[in-house]
Amino acid sequence: MTSAIDNRLTGLKQKMETREARIGIVGMGYVGLPLSLLFSGERFHVTGFDIDANKVATLNAGGSYIVRILPAEIQAAQKAGFRATTNYAEIAQMDAVIICVPTPLDEHQEPDLSYITETVKSIAPHIHADQLIVLESTTYPGTTEEVVVPLLEVGNRAGLKVVRAAGETGVHVVFSPEREDPGNESVARHDIPKVVGGCGPEAAELAAAMYGAIFHRVVPVSSPSAAEMTKLLENIYRCVNIALVNELKQLCMRMGIDIHEVIDAAKTKPFGYQAFYPGPGLGGHCIPIDPFYLSWKAKQFDFRTRFIELAGEVNTAMPYFVIEHVANGLNEQCKSIKGSKILVLGLAYKRDIDDLRESPSLTIIELLRDKGAIVAYNDPYFPKVGHGRHYDLNMTNTPLDNLGQYDAVVIVTDHSSYDYKAIVEQSQLVIDTRNTTKGMVSPKIVRC
Ligand SMILES: NC(=O)c1ccc[n+]([C@@H]2O[C@H](COP(=O)([O-])OP(=O)(O)OC[C@H]3O[C@@H](n4cnc5c(N)ncnc54)[C@H](O)[C@@H]3O)[C@@H](O)[C@H]2O)c1
């Protein structure tokens, strides 16, 4: 005989499968907005929550503030019922709530969970029984169980508890990491398997039903902590391997070997090797930050994560390595950084995206300015750059003409819209940190 609770669970799963479930997504940023469009594209009724009233107004006016998301996509979603709000009371109408808010580091390089805690405190008074709450923000193992669950349980009015075992009533809580790679068109979002770890088996089942409507494969793991750790393993793997090639690049340069030629040869091996590429330093919201969430948590277990620390050391030194090569290049032309006019090409942390969080360009510009250079930048994605958590630049985009006026042009982001051959032809000196001048022979090029 099936119980009322079993019936409710089956009903909710059916609502997910038939797209009748109402999905609330908290945080309309680089993760939450595309996710909203994915659900909306699958005919779900989606409500986007954000504390930024400007973003909410833009979305409700059918506009977009993320370059690769066209207003037409927002408008199509609106036709399917998508709208945005700052009003947390509407959480009560949702069948599922997915949290995609930032998880930065604070000034001491320690996890700043304030966005998660503020969000959970705001939604807790409005949650109801049988609702599915999913955290997607990248964080250390234990966050869902140790931070999210207690705040939900103390913050709701109805005395609801998180469901741990079959037959219990309450809210279902899951951690499911976001695996988006902005700008990467090679894998369709639907083809990226979705990992889910629930506080109880029913939570995982519900999340699998919801995400199964979007993603072709859902990968259940035994707990939220296992899912949290999965995301960190993926990002630490990238961080450590990028540090490895960044270090080997420096050795190769001393030995007169082209690291890119070596990587191209190594990646012909059909097994046991994955190519990572050196660059001017790490950027983005994930790779420079997430590993330190784990090293912080590891201390609680009296454990030192040496790979993470070493990789961090190598990667954060890369902008300084670039500056050294700018100085060397200018030196060859009997010039110094002080007083030189230098154009930095690319602010975004990687090619063809409009995201400059933690971008090495910001550090490179600041270091060049500190040394007395007169710095300009060009980036088609940023008409201007003001100040952020770690920078204060107040600059506007410089057109890509009259390159000969600069003592040096530093290629930091390899946007595909740049004509690198023309850049080399027109410049006095080019510092290439991304191998964009591959195959070109010119005394003006310094590769680093
Ligand atoms: N950007 C990526 O490529 C990427 C990839 C994988 C994982 N992640 C992770 O996803 C999470 C979100 O990242 P993002 O890049 O989307 O961040 P983002 O800064 O682009 O967006 C976050 C949004 O949350 C909103 N917000 C902040 N506090 C809020 C609150 N209390 N209530 C409602 N909204 C609030 C902000 O206004 C913003 O619109 C982070 O944990 C990040 O590490 C990001």
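A quick note: this is a predicted structure, and the numbers were derived from the prediction, not measured.

Conventions used here
Residues numbered from 1 in each chain as written. Predicted model: local features only at pLDDT ≥ 70, side-chain atom pairs only at ≥ 80, totals over all residues. Heavy atoms only, no water. Helix = DSSP H or I, 4+ residues; strand = E, 2+ residues; numbered from the N terminus. Rg over C-alpha atoms; globule rule 2.2 N^0.38 Å. Buried < 20%, exposed > 50% of the residue type's maximum accessible area, 1.4 Å probe, protein only. Contact = heavy atoms within 4.5 Å. Areas by Shrake-Rupley, 256 points an atom, 1.4 Å probe, with all protein chains shown as cover. Lys, Arg positive; Asp, Glu negative; His and termini not counted. Charge placed at Lys NZ, Arg CZ, Asp CG, Glu CD. Patch = residues over 30% accessible without salt bridge, like charges linked within 9 Å, V, L, I, M, F, W, Y side chains within 5 Å. Salt bridge = Lys/Arg side-chain N within 4 Å of Asp/Glu carboxyl O. Pairing = 2+ DSSP bridges. Axes fitted to C-alpha atoms, helices over the stretch in contact; angles between N-to-C directions. Phe/Tyr/Trp six-rings, centres within 6.5 Å; stacked < 30°, edge-to-face > 60°. Lys NZ or Arg CZ within 6 Å of the ring centre and 35° of its normal.

Caption draft 1: Main features of the overall build of the chain. Scanning the chain from N- to C-terminus turns up 14 helices and 15 strands. Against the compact-globule benchmark of 22 Å for 448 residues, the chain has a radius of gyration of 24 Å, which places it among compact chains. Dimensions of the chain along its principal axes, counting C-alpha atoms only, are 85 × 50 × 40 Å. The buried share of the chain, reckoned over its 448 residues, is 53%. Contacts in the chain between residues far apart in sequence, at least 24 positions, make up 68% of those at least 6 positions apart. Carbon and sulfur atoms make up 55% of the accessible area of the chain, which totals about 20,200 Å². The average position of the 43 basic charges and that of the 53 acidic charges among the side chains of the chain differ by 2 Å.

Caption draft 2: Examining a nonpolar patch on the surface more closely. On the surface, a cluster of nonpolar side chains totalling about 510 Å² of accessible area is made up of Leu244, Leu248, Leu251, Met255, Ile257 and Val262. The topology assignment puts Leu248 in helix α8 (residues 224-255).

Caption draft 3: Examining the sheet that holds strand β9 (residues 341-345) more closely. Sheet architecture is open: five strands sit in the order β10-β9-β13-β14-β15, paired in parallel fashion. With one partner strand each, in any of the chains shown, β10 (374-378) and β15 (445-447) form the two edges of the open sheet. With strand direction ignored, the average angle separating the axes of adjacent strands in the sheet is 20°. Here four bridges tie β9 to strand β13 (residues 408-411), and the two strands are oriented parallel to one another. When the sheet's bridge partners are listed, Leu345 is paired in β13 with Ile411.

Caption draft 4: Summary view of the side chain of His325. Secondary-structure assignment places His325 in helix α12 (residues 318-332). Residue classification places His325 among the buried positions, given a relative accessible area of 11%. With residues near it in sequence (within four places) discarded, His325 still touches Met253, Ile431, Val446 and Cys448.

Caption draft 5: Fine view of the packing of aromatic side chains. Counted according to the given criterion, the structure contains eight aromatic pairs. For the pair Phe39 and Phe44, a centre-to-centre distance of 5.4 Å together with 80° between the ring planes defines the contact as edge-to-face. Accessibility assignment for this pair places Phe39 and Phe44 in one class, buried. Seen from their ring centres, Tyr237 and Phe276 are 5.6 Å apart, and the 75° between their planes marks the pair as edge-to-face. Of this pair, Tyr237 sits in helix α8 while Phe276 sits in the loop between α9 (259-266) and α10 (290-299), and the two are 39 residues apart along the sequence. In this structure, Lys194 is placed above the aromatic ring of Tyr211, and the distance from its NZ or CZ to the ring centre is 4.7 Å.

As far as function goes, none of this settles anything; it's purely spatial.
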